Amino acid sequence: VTAPDQQARRAAHRGEAVLLAVVMAGLLVVAVWSFTLSRQAMLLPLLMTGVAIPGVLGRLYWLLSDRRHGEEGAPVAETGAGSLVRSGAWAVGLLAAVALVGFYVAVPLFVAVYLLSAGQRWWSALVAAVGSIGVCYLFERFLMIDMSIGLLL
Amino acid sequence: MDLAGSYLEALQVFTRPDALLGIVAGVLIGLLAGVVPGLGGLVVLPILLPFVIDLDPAVGLPFLISILSVQFLGGSITAILLNVPGTGPNVPTMLDGYPMTQRGEAARAIGASRMASLLGSFLTTILAALVIPLLLTIVLAVRSAEMVMIILMGLSFLVVLSRASMAKGLISAALGLLVSAVGFHAVTGELRFTAGIPYLFEGITLIPVVMGLFAMTELISLGARGTTIARGGTQDLAWSQVVEGYKDVWRHRWLSLRSALIGFVAGLIPGMGSDVATFIAYGQAKQLSKTPERFGTGAVEGVIAPESANDAKEGGALLTTMAFGIPGSASWAILFGALLMMGMTPGPTLFQSQLPLILGLLYVISAASLLGMLLTTAATPLLARVATVPAPLIVGLIMPLVVLGTYSARRYTADLLVLGIFTLVGLLMRHFDYNRPVFLLGYILGFRFELELFKALHAYGTWFFLRPISLVVLALTVALFVYGMLPRRSGPVAGDPVTSETPGGGSTR
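Below: a short report on this structure. No experiment lies behind these values; they were computed from the predicted model shown.

Side note on the overall build of chain A
Moving on, step 1. When its secondary structure is counted, chain A shows five helices and zero strands.
Moving on, step 2. Going from the N terminus to the C terminus, chain A shows its helices and strands as α-α-α-α-α.
Moving on, step 3. The buried share of chain A, reckoned over its 153 residues, is 39%.
Moving on, step 4. In chain A, 62% of the contacts between residues at least 6 apart in sequence involve partners at least 24 apart.

A word on the overall build of chain B
Moving on, step 1. Assigned secondary structure in chain B consists of 20 helices and two strands.
Moving on, step 2. When the 509 residues of chain B are sorted by exposure, 63% land in the buried category.
Moving on, step 3. A total of about 17,200 Å² of accessible surface is found on chain B, and carbon and sulfur atoms cover 69% of it.

Focus: the interface of chain B and chain A
Moving on, step 1. Taken together, the 62 residues of chain B in the interface contact 56 residues of chain A.
Moving on, step 2. Note on chain B versus chain A: buried area summed over both sides is about 4,800 Å², and carbon and sulfur give 80% of it.
Moving on, step 3. There are zero salt bridges connecting chain B and chain A.
Moving on, step 4. Where chain B packs against chain A, one counts four residue pairs in polar contact (both at pLDDT 80 or more).
Moving on, step 5. If you list the elements that add at least two residues to the side of chain B that touches chain A, you get helix 3 (41-52), helix 8 (166-180), strand 2 (191-192), helix 9 (206-225), helix 17 (391-410), helix 18 (414-431) and helix 19 (436-460) of chain B.
Moving on, step 6. Considering each element in turn, the side of chain B that touches chain A owes the most residues, 13 residues, to helix 17 of chain B.

Topic: the side chain of S180 of chain B
Moving on, step 1. Relative to the helices and strands, S180 of chain B resides in helix 8.
Moving on, step 2. Its relative accessible area of 17% is what places S180 of chain B among the buried residues.

Quick notes on the environment of T349 of chain B
Moving on, step 1. Relative to the helices and strands, T349 of chain B is located in helix 15 (residues 348-353).
Moving on, step 2. Separated by 24 residues in the primary sequence, T349 of chain B and G325 of chain B have C-alpha atoms spaced 9.8 Å apart.

Observations regarding the packing of aromatic side chains
Moving on, step 1. A complete count under the given rule lists 11 aromatic pairs over all chains for this structure.
Moving on, step 2. The interplanar angle of 85° and the centroid separation of 5.7 Å between the aromatic rings of Y282 of chain B and F295 of chain B together place this pair among those described as edge-to-face. A residue pair is termed long-range when its members are at least 10 positions apart, and Y282 of chain B in helix 12 (residues 274-287) and F295 of chain B in the loop between helix 12 and helix 13 (301-324) qualify at 13 residues.
Moving on, step 3. For Y282 of chain B, a relative accessible area of 9% corresponds to the buried category.
Moving on, step 4. Classification of F295 of chain B by relative accessible area gives buried; the value is 7%.
Moving on, step 5. Ring-pair connections join several aromatic residues into one group, and the members of that group are W90, F110 and Y114 of chain A.
Moving on, step 6. Positioned over the ring face of Y434 of chain B is K168 of chain B, at 5.2 Å from the centre of the ring.
Moving on, step 7. The residue whose ring lies beneath R253 of chain B is W250 of chain B, and the NZ or CZ to ring-centre distance is 4.3 Å.

A few points about the environment of L127 of chain B
Residues and elements named next belong to chain B.
Moving on, step 1. Tracing the backbone through its elements, the reader meets L127 in helix 6 (residues 106-140).
Moving on, step 2. Take L127: its relative accessible area is 22%, and that puts it in the partly exposed class.
Moving on, step 3. If we ignore the near neighbours within four places in the chain, the residues touching L127 are L261 and F264.

Considerations on the environment of M216 of chain B
Moving on, step 1. Here M216 of chain B is to be found in helix 9.
Moving on, step 2. Relative accessible area serves as the criterion here: at 0%, M216 of chain B is assigned to the buried category.
Moving on, step 3. As a C-alpha pair, M216 of chain B and L21 of chain B span 195 residues in sequence and 28 Å in three-dimensional space.
Moving on, step 4. Among all residues touching M216 of chain B, those that are not within four sequence positions of it are A91 of chain A together with M211, M399, V402, V403, L419 and T423 of chain B.

Focus: unusual backbone geometry
Trans peptide bonds make up the majority, and among non-glycine residues the majority have a negative phi.
Residues and elements named next belong to chain B.
Moving on, step 1. Phi is positive for A195, which is not a glycine, with a value near 55°.
Moving on, step 2. Turning to its location among the elements, A195 is positioned in the loop between strand 2 and helix 9.
Moving on, step 3. At R411, a residue that is not glycine, the phi angle is positive and equals roughly 65°.
Moving on, step 4. Tracing the backbone shows R411 in the loop between helix 17 and helix 18.
Moving on, step 5. We classify R411 as partly exposed; its relative accessible area is 33%.

Calculation notes
- Residues numbered from 1 in each chain as written.
- Chains lettered and ligands numbered in written order.
- Predicted model: local features only at pLDDT ≥ 70, side-chain atom pairs only at ≥ 80, totals over all residues.
- Heavy atoms only, no water.
- Helix = DSSP H or I, 4+ residues; strand = E, 2+ residues; numbered from the N terminus.
- Buried < 20%, exposed > 50% of the residue type's maximum accessible area, 1.4 Å probe, protein only.
- Contact = heavy atoms within 4.5 Å.
- Areas by Shrake-Rupley, 256 points an atom, 1.4 Å probe, with all protein chains shown as cover.
- Buried area = accessible area lost by both parts, 1.4 Å probe.
- Salt bridge = Lys/Arg side-chain N within 4 Å of Asp/Glu carboxyl O.
- Polar contact = N/O pair within 3.5 Å; in protein donor to acceptor, adjacent residues only side chain to side chain.
- Phe/Tyr/Trp six-rings, centres within 6.5 Å; stacked < 30°, edge-to-face > 60°.
- Lys NZ or Arg CZ within 6 Å of the ring centre and 35° of its normal.

Have a look at this one:
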């Protein structure tokens, strides 16, 4: 295992440990909340927190004990966190645009901008954008959906 | 109704014109989904759910099952021609299929893979039909106490066989079950974990969860990779070579039969995904061969064995899903969700009351495979070109469809927020290698688990798990965990069993 690999693994372990700490906090909230419920209703949540909390603690111990880091650990991620965040930002942008300006504006806008930013030619982006309006129409027509027009329109 | 009558009724239902149309549409979509690495059933199935839930089950289910059945068939084309597996289980096919292409025997490899797939799906239908009387006897003995233990065992299979950290599997399963607890309690009607938000009163619904965990997550990951998925030209495929491939399957008929049997048994066991089935089939073909040194250099047996096992798996998976309500993989969990939305709860009751439907779905697996074989044999070069579509084009066009599909299921804008949240959950789980299929299974089975647990406690008391069948299932579950704790040999053999629908061989966990 090379030094950069080791460092990448440690960074991944730190990230996972932070995530598990958040999960742990959530599980504790659920466990406490469960005690406010009736006996029947608290059974499943308590059983599951009873399984998850030791699991999280065990995993955290494994992640935080340095002696294990060199052995197996997290697999090397096929994509970097940066590119994942960038790609995820497009999804967030699409969801936010749909909520704000509705499907008929957000979807063609997303399709056109995404394809242009990915290096597609302007005319193919235009055709795809127009096509996406057609898809929205098909959804509205055949599934009889009132398409959301968004909060701003 | 007797079993023979059920077989006939099934044939009548699924030879209706609209059902046949559903099969044709499913085959076309499934082939395209399989051919394009990065798509696959996990992306396509959730997108189509909103369209299917209002359909007659005799049309909607064949449509979905056809997609499930032929996606691997599509994936094998790119594995053989372009050295890019369309789905995870196509990896072993690639090991010998692509060397055959390099040797100028692409058409023979394609012919062999088509015929082996067809044989596998026919055999799985026959095997499943033979097993059904036995299963009917077993499900009659299943009561709530047994059902609780069976659900636990199903989850345990996925946790243990995932081969990732068992702690990760347990955490994923428990979190999925906890998500299912949001909303009204099934028995008391009490509200749980809603914080007074009316949207959560009915619980968190399936479609945004599945879309977020799988479709959006896979698309974002594909966008992050950002490269053209497959490159390379295609060859002209001579018919004489394709026929030679068909003959190869006959020459190696015992290998095909053995591999189909392996696939069928793997399908019966939850968590033993297609990845495992195909690698085991490939491994046994190599081990039992008189010339194992040819494997990896373009041996046609290396194409026949995984392709036969791959298609045979679906019949086994169908039986486990329908008879015990335990979907064995993420794709089957999505199908399970579709059934719930259509008002049917897979499990012993459905298995007894809707036997013709289940038998009909077995026919559908074979019919879809036959149609897929004919289509792929005729249009292989065209399908191979589809695989070279750039990733940004796929992401840019399909991501809006996912959002549209999520919204159209219930017409709630708030569902888009849930979609966003579960996309984040899916991305984190994927990045840190947690088990998404187990999470989904926990979420889907949570309601049922709680209901059966309640009934078991009331009917049999605290020690309900000491009933004979429950005890046997419990013992199996414990044995499974003990097996999971044993040190394992490392090696490139099976990959991850629950990545059976892995687009392009990536991770679905």
